[in-house]
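Notes for the structure review
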Amino acid sequence: MFDPDLDLATLNRRHEHTMVGHLGIEITAIGPEFITAAMPVGPRSIQPFGLLHGGASLALAESLGSIASALCIDLSQVQPVGLEINANHLRSVTAGHVYGTVRPLHIGQRTHVWDIKIVDDDDRLVCVSRLTVMIVPR
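In this report, the structure presented in the accompanying data block is examined. (Residues numbered from 1 in each chain as written. Predicted model: local features only at pLDDT ≥ 70, side-chain atom pairs only at ≥ 80, totals over all residues. Heavy atoms only, no water.)

Looking at the overall build of the protein
The helix and strand tally for the protein stands at three helices and six strands. The order of helices and strands in the protein, counted from the N terminus, is α-α-β-β-α-β-β-β-β. A compact globule built from 138 residues would reach a C-alpha radius of gyration of about 14 Å, and the protein, at 14 Å, matches this within 12%. Across its three principal directions, the C-alpha atoms of the protein cover 45 × 30 × 25 Å. When the 138 residues of the protein are sorted by exposure, 41% land in the buried category. (Helix = DSSP H or I, 4+ residues; strand = E, 2+ residues; numbered from the N terminus. Rg over C-alpha atoms; globule rule 2.2 N^0.38 Å. Buried < 20%, exposed > 50% of the residue type's maximum accessible area, 1.4 Å probe, protein only.)

Let's talk about the pattern of salt bridges
All told, the structure shown has three salt bridges when counted by the stated rule. One salt bridge in this structure joins K117 and D115, with 2.9 Å as the shortest N-O distance. On the accessibility criterion, D115 (19% relative accessible area) is buried. Of the charged contacts, one joins R124 and D120 as a salt bridge, the two residues approaching to 2.8 Å between their closest N and O atoms. Judged by relative accessible area, D120 falls into the buried class, the value being 5%. (Salt bridge = Lys/Arg side-chain N within 4 Å of Asp/Glu carboxyl O.)

Points about the packing of aromatic side chains
Centre distance and the angle of the planes are the two values used to describe a pair of aromatic rings. Going through the model one piece at a time under the given rule, you end up with one aromatic pair. Ring centres 6.1 Å apart and planes at 25° place the aromatic pair F2 and W114 in the stacked group. Residue F2 is located in the segment before α1 (8–13), and its partner W114 is located in strand β5 (residues 111–120); the two are separated by 112 residues in the primary sequence. With relative accessibility at 4%, the residue F2 sits in the buried group. Given the relative accessible area of 0%, W114 is considered buried. (Phe/Tyr/Trp six-rings, centres within 6.5 Å; stacked < 30°, edge-to-face > 60°.)

Points about unusual backbone geometry
The phi torsion at D123 lies on the positive side, around 65°, for a residue other than glycine. With respect to the helices and strands, the residue D123 is situated in the loop between β5 and β6 (125–137). Note on D123: relative accessible area 61%, which makes it exposed.

Observations concerning the nonpolar core
By size, the foremost hydrophobic cluster in this structure holds 31 residues, and its most contacted members are I35, M39, L52, L60, V98, W114 and I116. The dominant element in this core, judged by the number of residues it contributes, is helix α3 (residues 54–70), at seven residues. In this view, L52 contacts M39, V41, S45, I46, Q47, S57, V93, V98 and V126; residues no more than four positions away in its chain are not counted. (Core = buried A, V, L, I, M, F, W, Y, C linked by side-chain atoms within 4.5 Å. Contact = heavy atoms within 4.5 Å.)

Focus: α3
Along an α-helix, a turn takes 3.6 residues, which lines up residues three or four apart on a common side. Given a rise of 1.5 Å per residue, 17 residues ought to cover 24 Å, and the 24 Å separating the end C-alpha atoms of α3 matches this to within 8%. Most of α3 is tucked away: twelve of the 17 residues are buried. Taken together, the buried positions of α3 are occupied by A56, S57, A59, L60, A61, S63, L64, G65, I67, A68, S69 and A70. (Expected span 1.5 Å × (residues − 1).)

Quick word on a nonpolar patch on the surface
On the surface, a cluster of nonpolar side chains totalling about 220 Å² of accessible area is made up of V81, L83 and M134. Looking at the secondary structure, you find L83 in strand β3 (residues 78–89). (Patch = residues over 30% accessible without salt bridge, like charges linked within 9 Å, V, L, I, M, F, W, Y side chains within 5 Å. Areas by Shrake-Rupley, 256 points an atom, 1.4 Å probe, with all protein chains shown as cover.)

A word on the sheet that holds β6
Ordered by their spatial adjacency, six strands build an open sheet running β1-β2-β4-β5-β6-β3, and the pairing between neighbours is antiparallel. The sheet is open, and its two edges are formed by β1 (26–31) and β3, each paired on a single side. Ignoring strand direction, the axes of neighbouring strands in this sheet form an average angle of 25°. In this structure, β3 lies alongside β6, joined through eleven bridges in antiparallel fashion. Residue pairing across strands places P80 opposite I135, the latter belonging to β6. Sitting on the sheet, α3 is in contact with β1, β2 (34–40), β3, β4 (97–107), β5 and β6, with an inclination near 145° to β3. (Pairing = 2+ DSSP bridges. Axes fitted to C-alpha atoms, helices over the stretch in contact; angles between N-to-C directions.)

In structure tokens:
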């Protein structure tokens, strides 16, 4: 499904001036059935008590799902838009990085459903999320 030969630097440059860039999210790996990205835990992604903000986790999850959908469609004809997202926050993180990995659950013509797991530097599960993306005409 995903081309593992995609140039990560080019893909990351597309997001420099977006929320993805603001949060410091960087795509680190692409395989045939997954995409992984890293996000630093720090001033742009924590809440007042110094913990990773749940909204930052959701921004990572939705970004990964949207990027994955964009790589599965003809962007000259259609575009992906988030329809629904849910998440369970399982562990707090105060420093380092978190890593999100997106995998497909359903790839249809009109909707895509993605499973996103976010782990910490010690590979402990931090958040699980499911994103539904609608594919709409441009």
